Amino acid sequence: MDGKESKARQPIHLVVGLILAVVALCLAVYFYLCIPTPGDNGARLRDKEVLALRNSAGTFIRDGRFDEGIARLSRALTLTPGNPVVLMDRAAAFYRKKEYASALNDYQGVLSQKGVPEGVAEDALFGVALTQAALDRNEQAIATLHDLQAKNTHFIRAYQLMGDIYLKSKDSEAALDAYTQGLRLNPKSPVLHYDRAVAYLRRDMNEQAFDDLSKAVELDPRSLPLRIKHANLAQKLGRLGIADNDAQEILRLEPDNRTALSWLKSRKIAPQK
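These notes cover the structure that comes with them. Here, residues in each chain are numbered from 1, in the same order as that chain's written sequence. Residues qualify for local features only when their pLDDT is at least 70, as the model is predicted, and side-chain atom pairs are given and counted only at 80 or more; totals for whole chains, interfaces and linings, by contrast, use all residues. To obtain the side-chain values, all non-hydrogen atoms of the structure were included, while hydrogens and water were left out.

In this section: the pattern of salt bridges. Definition used for salt bridges: Asp or Glu carboxyl oxygen within 4 Å of a side-chain nitrogen of Lys or Arg. Inspection of the entire model under this criterion finds 15 salt bridges. The salt bridge partner of Asp 123 is Arg 157, with a shortest N-O separation of 2.9 Å. Of the two residues, Asp 123 sits in helix H6 (residues 118-134) while Arg 157 sits in helix H8 (residues 156-168), which places them 34 residues apart along the sequence. Looking at Asp 123, the relative accessible area reads 32%, which means it is partly exposed. Residue exposure (1.4 Å probe, protein chains only): buried if accessible area is under 20% of the type maximum, exposed if over 50%, otherwise partly exposed. Arg 157 gets classed as partly exposed once you look at its relative accessible area, which sits at 39%. Helix and strand definitions follow DSSP, with helices as H or I runs of at least four residues and strands as E runs of at least two, each counted in order from the N terminus.

Structure, rendered in C-alpha cells:
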C-alpha cells in the first residue's frame, strides 16, 4: 500500500514542479521586459529630454528665433551624438537662417552614417542639393539631384529644384524638360505647372504658359499669387472675360486688392458681393 501511495504521489510532484518552473519563467520574463533597469530608465529620460529640446527648438524656429532653436538642437546632439533626425532639424534651421555651409555640413553628416532609414537619406541628399544650389554650386547640385533620381525616380522635389536651377542659369529649355518630367509623375502639382509656365514665358511661349497657369489655378483656386499671374497673362492675351473672372476671384481672396478693383472699374463691372 505504501508503495502504491508513493507511486501515486510522483505525478503530483512532477505537476507541482512543472507549475513552479513555469511561474519562475514567467516572472523572469516579466522582470526582464517590464521592470526597467537603471540603464533603460536613463535612456528613456534622455530620449524624453531630446524630444523636449526638439519641440522647443521648433517653436523658436517658427518664430524666426533661429539662434535659440539651433542652440537647443545642438544641446540635443550632445545627448545623442549623430542623431540623424536632430541633424536634419538643425540643417533645416541653418538653411532657413541662410547659413548654407553649416546646413550642408549637417546634411552630409546624416549621409555619412550607416543604417540611416532610406527616406531620411533621400531627404538629406535633397538637402545637400538645395544647399549647393544656394551656394551657387549649380553643377554639384545637378549631379546630386541625378544621384537622388537614380535612387528614387519619384522624388518630385528633385525635378522641381533641377528646373529651378536651370531656370536661374537661363537654360529655359532644360528647365522645361525637368518640370515636364516632374509633371509626368505628378500631373496634379500646381507648383510644377506654375514653374513650367514661368519657363514657357521665358521663351515667349505665352499660350503654353497660359495653359499651365490655368491648370495651376484649377488645382489651387485659393492661391492669390497664382490667380494674379493668371489674370495678368489673360489681359496680355486679350482674354478679357477670363481676366474679369480672375479679378472677381482675386477680390474674394483679397477684398481690397487695388489692381483688381481698378481693372473692374475700367471695364465698368461691379465687384460681386
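Assignment of secondary structure puts Asp 246 in helix H13 (residues 240-253). A polar atom in the side chain of Asp 246 sits 3.0 Å from the side chain of Arg 227. For the purposes of these results, a polar contact is taken to be a pair of N or O atoms within 3.5 Å, where, inside protein, one atom must be able to donate a hydrogen and its partner to accept one; residues adjacent in sequence count only when each atom of the pair is a side-chain atom. Reaching out from Asp 246, the side chain makes a polar contact with the side chain of His 230 at a distance of 2.7 Å.

Here the focus is the packing of aromatic side chains. Under the pairing criterion, centres of Phe, Tyr and Trp rings, with the six-membered ring standing for Trp, must be within 6.5 Å; the plane angle then separates stacked pairs below 30 degrees from edge-to-face pairs above 60, leaving the rest tilted. The full count for this structure, using the stated rule, is 2 aromatic pairs. Look at Phe 126 and Phe 155: their rings are 5.6 Å apart centre to centre, the planes differ by 40 degrees, and that puts the pair in the tilted class. Within this pair, whereas Phe 126 is found in helix H6, its partner Phe 155 is found in the loop between helix H7 (138-151) and H8, the two being separated by 29 residues in sequence. Using a relative accessible area of 9% as the deciding quantity, one classes Phe 126 as buried. Charges are assigned to positions over rings by a cutoff of 6 Å between ring centre and Lys NZ or Arg CZ, combined with an angular limit of 35 degrees from the ring normal. One cation-aromatic arrangement involves Arg 157 over Phe 126; the distance from NZ or CZ to the ring centre is 4.8 Å.

On to helix H10 (residues 190-202), then. The end-to-end C-alpha separation of H10 is 19 Å, in line with the 18 Å expected for 13 residues at 1.5 Å each. Taken together, the buried positions of H10 are occupied by Leu 192, His 193, Asp 195, Arg 196, Ala 197, Val 198, Ala 199 and Tyr 200. Note on contacts: a residue pair is in contact if any heavy atoms of the two residues lie within 4.5 Å. On its buried face, H10 is in contact with H8, helix H9 (172-185) and helix H11 (206-219). The first or second residue beyond H10 is Asp 204, which carries a positive phi of 60 degrees. Given the number of residues in a helix, its expected span is that number minus one, multiplied by 1.5 Å.

Within the fold, Ser 223 resides in the loop between H11 and helix H12 (224-236). In this structure, the C-alpha to C-alpha distance between Ser 223 and Leu 253, residues 30 residues apart in sequence, is 8.3 Å. Here the side chain of Ser 223 touches Leu 226 through a polar contact of 3.4 Å, landing on its backbone nitrogen.

Function cannot be read off these values alone, since they describe shape.
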